[in-house]
There are 2 protein chains.
Amino acid sequence: MALTGELFIAGQRRSSTETFKAIDPSTGEHLPTEFSIATVADVEEACRAAEAAFIEMRGISHERRAGLLEAIADAIMELGDELLERANKETGLPLARLTGERGRTVGQLRLFAAEIRSGGWQGIRIDPAMPERTPMPRSDLRLRKVPLGPVAVFGASNFPLAFSVAGGDTASALAAGCPVVVKGHSAHPGTSELVASAITRAVAATGFPAGTFSLVNGPGNLLGTALVANPVIQAVGFTGSRGGGLALMKVASERPVPIPVYAEMSSINPILLFPAALAARAEDLGRAFVGSLTMGAGQFCTNPGLVLAVDGPDLERFIAAAAEAVSAAPAATMLTPGIYKAYCTGVDQLSSNSKVKLVARGQAGGTNACQAALFTIAAEDFLQDESAAQEVFGASSVVVRCADFQQLIKVLGHMEGQLTASLHFDEADHGAVAQVVPVLERLAGRLVANGWPTGVEVCHAMVHGGPFPSTSDGRTTSVGTLAIERFLRPVCYQDFPNGLLPEVLRDGNLAGVPHRLDGVYKVG
Amino acid sequence: MALTGELFIAGQRRSSTETFKAIDPSTGEHLPTEFSIATVADVEEACRAAEAAFIEMRGISHERRAGLLEAIADAIMELGDELLERANKETGLPLARLTGERGRTVGQLRLFAAEIRSGGWQGIRIDPAMPERTPMPRSDLRLRKVPLGPVAVFGASNFPLAFSVAGGDTASALAAGCPVVVKGHSAHPGTSELVASAITRAVAATGFPAGTFSLVNGPGNLLGTALVANPVIQAVGFTGSRGGGLALMKVASERPVPIPVYAEMSSINPILLFPAALAARAEDLGRAFVGSLTMGAGQFCTNPGLVLAVDGPDLERFIAAAAEAVSAAPAATMLTPGIYKAYCTGVDQLSSNSKVKLVARGQAGGTNACQAALFTIAAEDFLQDESAAQEVFGASSVVVRCADFQQLIKVLGHMEGQLTASLHFDEADHGAVAQVVPVLERLAGRLVANGWPTGVEVCHAMVHGGPFPSTSDGRTTSVGTLAIERFLRPVCYQDFPNGLLPEVLRDGNLAGVPHRLDGVYKVG
């Protein structure tokens, strides 16, 4: 399929006079297609269509909604290798990685289709009437959750498939019954166009209203601000930089009607190494750590940017093994020249910090290629200088040498909210781990035992979220089925005649639908 | 028990040199006791103690936490008639109403105790490991919800018991495992002191840390701002004016670490009268409407401040009956001189609006006594002039005469978010009701069929929440067991050894605890 560079406004392809081009980060050169830049009027039209679609979608059955998600998954697969090849050109990510990411993308669409059918997300509660109760009878009260309305989704650069046009935010918003207007990431407009064409085909084929999905493109903040400020939009999903997330939060909170922003922003994902584990396998841990650090050129929100351990010979062995692995790590093309530049700046700042010691750099070479970096710092210095805790997006990490376990806990107390915290320990460490878990529970959304934070499973029990600033709203997750709750709100129906209730709340319609009856949990 | 006017900072009574007095609204005179005004240092101390208590509370069993809520309920009952008498003096609310409100207050504490024991609020999800899965094995992933941390609660003036020191926000926050720092409402400091003494006794008797609860008092915004800005505080519960709620939202969003604010602010709770119902019982509806309107001098967030119907002879009959009932409605003391003054201003503004017609005033008389008011306006004029849709807190309501059903829908489209919407209809109206329900679902949190919005049941299926500005966060409720979710966030434990997991997540501990196992709902 030849790329046209067009926008998708409610099922219609459209071009504009102002255009931009994608860059191949491995060469720094522009790729050929001219991509249309949307206008604010395009955004407004997409939002109006989304509003109209929302009203229509409420009359469409859950089964058909599940079918839409499955049709999108099928249509993405039908794009074939062209999608992977274009994504590879635009992002520098290897084909094998992109193949896996495509699997995750269609897998999560299908998981959300199954989730719609499970029915539990409706949170149904029924408190039957008690006409005889004294001193006052009780009304019949029935609760279900309804979709919030049209959702704005911002594509992320680091997952051109799984967190972009048809990524987790789009899948969970559609699953909740919310139309989506995507602001595509300017780093992979061709990939976005292909995926948007697949969604648009699936929307039409399943008979959903055209405004169920739109894609607008354009560099800069103008379009994103217009989208979040549009009165039709009821929630925002975003994965990206802290600056970007904070800017959207500000726009959303200053609207006449403020709306929730689910922004996943920055995290350095501390790794805690406990003494017995270090003693038993310092070298293995060092090598495995670097595997997680350099995966995808370190361009994951769960990248391990900080290691905490009590100083001593075992930690030296860990550092030595990690340094050796870093030194051998091949250079890897980063997603964009901008990300590469920011990475270099971050590494330079750490290198020029007199308290921070550089212990290894990875292989250099290639345009916009990440050269991994490993640093150490004494905990005492780290506690004085928070700049070493700033996220450097890419394969850079800092080992914090703690004088003792109490100082390690103190360092944790100085950290900002995180997506993850990982612990490596042996049985002899269990006492110390038990002490630190309550601290980590407040710090992070996911605690990993004897594993690494990269590689986020898309399932029911996943939490890819965490206290600010790792996300804007630590009460939620952006990965896994729980993500659907971000786009729902409860409505109570009091004393409604059976025939006027929403279908699922009518008598006898709860077979197979989890709910609470007078407070008692039922599987349906 | 003699009132001392002292603050309660983490179990310690404390006085200050600056004081204020309560006002008996029925006389406008000060009541004798001098109440200490807290300093910012007191707020900080309460927050520090709450933080320490939070850490300790996480080690206390759910059963004991349920016991705390029950002990608070018992201790409130042990205050006896003195509590009701003091609340009556400070608020002008009749003893019968306050007796009912006390029942609701202790009832909701006991309901949340039962909710803690039900275990479902933990939202447990377990996705077992799949070591054989290809291409990648799946980790063992277990999710539970944990409390956010210390919560700031602002007492409301209109429910001196059920939405004040030991009200719904406090009960749900404690149930979630969050210590509470209450900013007492300056209108009923003696009532607050009595309830705080009961909570403090219950906290001590059940062995909870002293910082589990504190009460600070003082007029003005200084203390509340300091409380919400305190880094220890992780969420805010507020019921009050729109201005007050918006101010707290601003403070919370501008913190270095923003926190959620659950503010319940303003609502005019539209009543929709459908043709067949009006034809069948216009007079009965008119009288019943005025019963809801004048209940508690109209000082409910669910007070019906707007009536919508298609104009015609049946609506005239409704208005005539309502006008007669309003004219006969006795004057009723309002909660504070300030609320009375604001009510008079609101009614004066409506009266002086040339498009608005005054059709009845209630009986006058007595200090700070609400004189009910009923107005009409043509929908055409209402659509031009939104000032008639502003909440007038008290027993004032506006009937909007619509030219036809389409215009009625148009009026709804111009309204802001509401806590409730009520519909009066007969079978012949079902078609029209079915058309309007999807519109109302987006507008309000609770839809009432053939009933009135006042009288909020405390149960599982209740939603006392709604789109902005009725609340700051329409995804939640402040009444009923679902309110506990406001103070929780999910944490995922990946590959944890059984012995290091939180007790409830360990193998074999889910008997009786609702959860999802590999996505399948189980009642435990």
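Residues numbered from 1 in each chain as written. Chains lettered and ligands numbered in written order. Predicted model: local features only at pLDDT ≥ 70, side-chain atom pairs only at ≥ 80, totals over all residues. Heavy atoms only, no water.

Draft legend 1. Looking closely at the overall build of chain A. Looking only at helices and strands, one finds 14 helices and 25 strands in chain A. Against the 2.2 N^0.38 benchmark of 24 Å for 524 residues, chain A shows a C-alpha radius of gyration of 25 Å, consistent with a compact globule. Based on the C-alpha atoms only, the size of chain A along its principal axes is roughly 75 × 65 × 40 Å. A total of 524 residues make up chain A; the buried ones form 62% of that total. Summed over all atoms, the accessible surface of chain A reaches about 17600 Å², with 54% contributed by carbon and sulfur. Within chain A, one finds 42 positive and 52 negative side-chain charges whose respective centroids are separated by 4 Å. (Helix = DSSP H or I, 4+ residues; strand = E, 2+ residues; numbered from the N terminus. Rg over C-alpha atoms; globule rule 2.2 N^0.38 Å. Buried < 20%, exposed > 50% of the residue type's maximum accessible area, 1.4 Å probe, protein only. Areas by Shrake-Rupley, 256 points an atom, 1.4 Å probe, with all protein chains shown as cover. Lys, Arg positive; Asp, Glu negative; His and termini not counted. Charge placed at Lys NZ, Arg CZ, Asp CG, Glu CD.)

Draft legend 2. How the structure looks around the packing of aromatic side chains. With the rule as written, the count across this model stands at 20 aromatic pairs over all chains. Aromatic side chains Phe 274 of chain B and Phe 405 of chain B sit 6.2 Å apart centroid to centroid with 55° between the ring planes, which places their arrangement in the tilted category. Taken together, the residues Phe 274 of chain B in the loop between β14 (270–273) and α9 (275–294) and Phe 405 of chain B in helix α13 (residues 405–413) connect sequence positions 131 residues apart. Phe 405 of chain B matches Phe 274 of chain B in its accessibility class, with the two residues each being buried. Consider the rings of Tyr 493 of chain B and Phe 496 of chain B, whose centres lie 5.7 Å apart with planes at 85°: the pair is edge-to-face. An aromatic cluster is built from Phe 159, Phe 163 and Phe 300 of chain A, whose rings are joined through pairwise contacts. Between the NZ or CZ atom of Arg 97 of chain A and the centre of the ring of Phe 159 of chain A, over which it lies, the distance is 4.9 Å. Lying over the aromatic face of Phe 159 of chain A, Arg 104 of chain A brings its terminal NZ or CZ to 5.1 Å of the ring centre. (Phe/Tyr/Trp six-rings, centres within 6.5 Å; stacked < 30°, edge-to-face > 60°. Lys NZ or Arg CZ within 6 Å of the ring centre and 35° of its normal.)

Draft legend 3. Just the pairing of strand β23 (residues 488–494) of chain B, in detail. Residues and elements named next belong to chain B. For β23, a buried count of 7 out of 7 residues is recorded, marking the element as mostly surrounded by other parts of the structure. Burial along β23 is two-sided: the residues Leu 488, Pro 490, Cys 492 and Gln 494 and Arg 489, Val 491 and Tyr 493 are all buried. Both strand β8 (residues 141–147) and β23 contribute to a ladder of 7 bridges, which runs antiparallel. Counterpart to Pro 147 in the pairing with β23 is Leu 488. (Pairing = 2+ DSSP bridges.)

Draft legend 4. Expanded view of helix α13 (residues 405–413) of chain A. Residues and elements named next belong to chain A. Buried within α13 we find Phe 405, Gln 407, Leu 408, Ile 409, Val 411 and Leu 412. Contacts made by the buried residues of α13 are with β14 (270–273), β15 (306–310), α12 (379–384), β20 (396–402) and α14 (430–443). The residue sitting at the N-terminus of α13 and contributing the capping side-chain oxygen is Asp 404; that oxygen lies 3.2 Å from the backbone nitrogen of Gln 406. (Contact = heavy atoms within 4.5 Å. Polar contact = N/O pair within 3.5 Å; in protein donor to acceptor, adjacent residues only side chain to side chain.)

Draft legend 5. Broad picture of the relation of the copies chain A and chain B. Placing chain A over chain B gives an RMSD of 0.0 Å and needs a rotation angle of 180°, together with 0.0 Å of translation along the axis. Those values place the two copies in the arrangement expected of a two-fold rotation axis. Taking C-alpha positions as reference, the residue of chain A nearest the rotation axis is Val 523 of chain A, located at 3.3 Å. The fraction of interface residues of chain A whose copies in chain B are also interface residues reaches 100%, indicating that both copies meet through the same surface. (Least-squares fit on C-alpha atoms with pLDDT ≥ 70 in both.)

Draft legend 6. Main features of the interface of chain A and chain B. With 76 residues of chain A in contact, the opposing surface of chain B contributes 76 residues. Carbon and sulfur atoms make up 57% of the surface buried where chain A meets chain B, a total of about 6000 Å² over both sides. Its largest share of buried area at the contact with chain B, chain A owes to Glu 441, Arg 442 and Arg 475 of chain A, together 13% of the area lost on that side. Inspection of the chain A/chain B interface yields 12 salt bridges. Linking Asp 473 of chain B and Arg 475 of chain A is a salt bridge whose minimum nitrogen-to-oxygen distance equals 3.7 Å. Viewed at the interface, chain B and chain A are joined by 36 residue pairs in polar contact (both at pLDDT 80 or more). (Buried area = accessible area lost by both parts, 1.4 Å probe. Salt bridge = Lys/Arg side-chain N within 4 Å of Asp/Glu carboxyl O.)

Draft legend 7. Highlighting the side chain of Ser 472 of chain A. Residues and elements named next belong to chain A. By the element assignment, Ser 472 lies in the loop between β22 (444–449) and β23 (488–494). According to the relative accessible area criterion, Ser 472 is buried, its value standing at 16%. Here Val 261 takes part through its backbone oxygen, which lies 2.6 Å from a polar atom of the side chain of Ser 472. Ignoring anything within four residues of it in the chain, the contact list for Ser 472 reads Met 249, Val 261, Tyr 262, Ala 263 and Met 265.

Draft legend 8. Layout of the environment of Ala 323 of chain B. Residues and elements named next belong to chain B. Tracing the sequence through the fold places Ala 323 in helix α10 (residues 313–328). A C-alpha to C-alpha distance of 6.8 Å links Ala 323 and Leu 374, two positions 51 residues apart in sequence. With near-sequence residues (within four places) excluded, Ala 323 lies in contact with Val 359, Ala 360 and Leu 374.

Draft legend 9. Molecular detail of the packing of helix α7 (residues 222–229) of chain B against helix α8 (residues 242–253) of chain B. All names here are of chain B. Put simply, α7 and α8 touch, their axes get as near as 9 Å, and they point 35° apart. In this structure, α7 crosses over α8, and the sense of that crossing is right-handed. Across from Gly 224, Thr 225, Val 228 and Ala 229 in α7, the residues of α8 making contact are Leu 248, Val 251 and Ala 252. For the contact of α7 with α8, the per-class residue count stands at 5 nonpolar, 2 polar and no charged. (Axes fitted to C-alpha atoms, helices over the stretch in contact; angles between N-to-C directions. Left-handed = near helix turned anticlockwise from the far one by under 90°. Nonpolar A, V, L, I, M, F, W, Y, C, P; charged D, E, K, R; others polar.)

Draft legend 10. Quick peek at the pairing of β14 of chain A. Residues and elements named next belong to chain A. Neither face of β14 is open: one carries Pro 270 and Leu 272, the other Ile 271 and Leu 273, and all of them are buried. Taken together, β14, helix α9 (residues 275–294) and β15 form a β-α-β motif whose crossover is right-handed. Both β14 and strand β21 (residues 418–424) contribute to a ladder of 3 bridges, which runs parallel. In the strand pairing of β21, Ile 271 is matched with Ser 422. (Right-handed = clockwise from strand over helix to strand, strands pointing away.)

Draft legend 11. Structural context of the packing of helix α2 (residues 62–78) of chain B against helix α4 (residues 95–118) of chain B. All names here are of chain B. Two elements in contact, α2 and α4, have axes separated by 8 Å at closest approach and are oriented at 170°. Between α2 and α4, the angle falls in the class roughly antiparallel. Between α2, through His 62, Glu 63, Arg 65, Ala 66, Gly 67, Leu 69, Glu 70, Ile 72, Ala 73, Asp 74, Ile 76 and Met 77, and α4, the contact on the second element is made entirely by Arg 102, Thr 105, Val 106, Leu 109, Arg 110, Phe 112, Ala 113, Ile 116 and Arg 117. In terms of residue class, the contact of α2 with α4 is built from 11 nonpolar, 3 polar and 7 charged. (Parallel < 35°, antiparallel > 145°, perpendicular 65-115°, else oblique.)

Draft legend 12. Main features of unusual backbone geometry. Here the amide bond leading from Thr 134 of chain A into Pro 135 of chain A is cis, since omega sits at 0°, within 30 degrees of zero. Phi at Asp 495 of chain B is positive, roughly 60°, even though this residue is not glycine. Mapped onto the fold, Asp 495 of chain B is located in the loop between β23 and β24 (515–517).

Draft legend 13. Structural context of the pattern of salt bridges. In the structure shown here, the tally under the stated rule is 58 salt bridges over all chains. Three or more residues joined by partner-sharing salt bridges are found here, namely Asp 473 and Arg 475 of chain A together with Asp 473 and Arg 475 of chain B.

Draft legend 14. Representation of the sheet that holds β23 of chain A. On the basis of which strands lie adjacent, the open sheet formed by 12 strands has the order β25(A)-β24(A)-β7(A)-β8(A)-β23(A)-β22(B)-β21(B)-β14(B)-β15(B)-β20(B)-β19(B)-β17(B) and mixed pairing. Either end of the sheet is taken by a strand with one partner, and the two such strands are β25 (520–522) of chain A together with β17 (357–361) of chain B. Strand-to-strand, the axes of this sheet are offset by a mean angle of 20°, without reference to chain direction. In the sheet, β14 of chain B pairs with strand β15 (residues 306–310) of chain B via 4 bridges, with the strands oriented parallel. Its bridge partner being in β15 of chain B, Pro 270 of chain B is matched across the sheet by Leu 306 of chain B. The strands touched by α10 of chain B are β14, β15, β17, β19 (373–378) and β20 (396–402) of chain B; relative to β17 of chain B, the strand with the most contacts, the crossing angle is about 45°.

Draft legend 15. Broad picture of helix α5 (residues 168–176) of chain A. Residue and element names in this part refer to chain A. By the criterion of burial, α5 is predominantly enclosed, with 9 of the 9 residues buried. Three or more residues of α5 are buried, namely Gly 168, Asp 169, Thr 170, Ala 171, Ser 172, Ala 173, Leu 174, Ala 175 and Ala 176. A positive phi of about 100° marks Gly 177, the residue just after α5.

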